Amino acid sequence: MDNKQMEFMQIAMNYLPNAQEKMKEAGIEFSPAMAEPFFGLFMNVMQEAYELGKKDAQTEK
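Counting from 1, residues in each chain are numbered in the order their sequence is written. Local features in this predicted model are restricted to residues whose pLDDT is 70 or higher, and side-chain atom pairs enter the listing and the counts only when it is 80 or higher, whereas totals over whole chains, interfaces and linings include all residues. Calculated side-chain values reflect all of the structure's heavy atoms, with hydrogen atoms and water omitted.

**Some points on the pattern of salt bridges**
- Within this document, salt bridges are pairs made up of a side-chain nitrogen of Lys or Arg and a carboxyl oxygen of Asp or Glu, the two lying within 4 Å of each other. Overall, the coordinates contain one salt bridge when judged by the stated rule.
- The closest approach of N and O atoms between Lys4 and Glu7, which form a salt bridge, is 3.5 Å. Residue Lys4 and its partner Glu7 are located together in helix H1 (residues 3-25), separated by three residues, close to a single helical turn.
- Lys4 sits in the partly exposed class, given a relative accessible area of 23%. Helix numbers and strand numbers start at the N terminus; a helix is a DSSP run of H or I with at least 4 residues, a strand a run of E with at least 2. Residue burial is assigned from relative accessible area. The probe radius is 1.4 Å, only protein chains are included, and a residue is buried under 20% of its type maximum, exposed over 50%, and partly exposed in between.

As structure tokens, then:
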């Protein structure tokens, strides 16, 4: 895992308690095994957002 992915994972972990609370309110039992696919999806979204932001920053120079 590269540095940027580690940063994305730290962001995800900051929001994990909130996500667990929302799932509990919806009646969904949360388990660590359940988190793995969501973290993968989150990492893909964050990588695309990062690349888009990087591209925008380079065109603004």
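**Here's the deal with helix H2 (residues 32-59)**
- For H2, which comprises 28 residues, the first-to-last C-alpha distance of 40 Å matches the rise-based estimate of 40 Å (1.5 Å per residue) to within 8%.
- Looking at the buried side of H2, the elements it contacts are H1. One less than the number of residues in a helix, times 1.5 Å, gives the span that helix is expected to have. Two residues form a contact once any of their heavy atoms are found within 4.5 Å.

**So, the packing of aromatic side chains**
- Put simply, two rings from Phe, Tyr or Trp (the six-membered ring, in Trp's case) pair if the centres are within 6.5 Å, and we call them stacked under 30 degrees between planes, edge-to-face over 60, tilted for the rest. Under the defined criterion, the tally for this structure stands at one aromatic pair.
- Where Phe8 meets Tyr50, the ring centres are 6.3 Å apart and the plane angle is 65°; that geometry is what we call edge-to-face. A residue pair is termed long-range when its members are at least 10 positions apart, and Phe8 in helix H1 and Tyr50 in helix H2 qualify at 42 residues.

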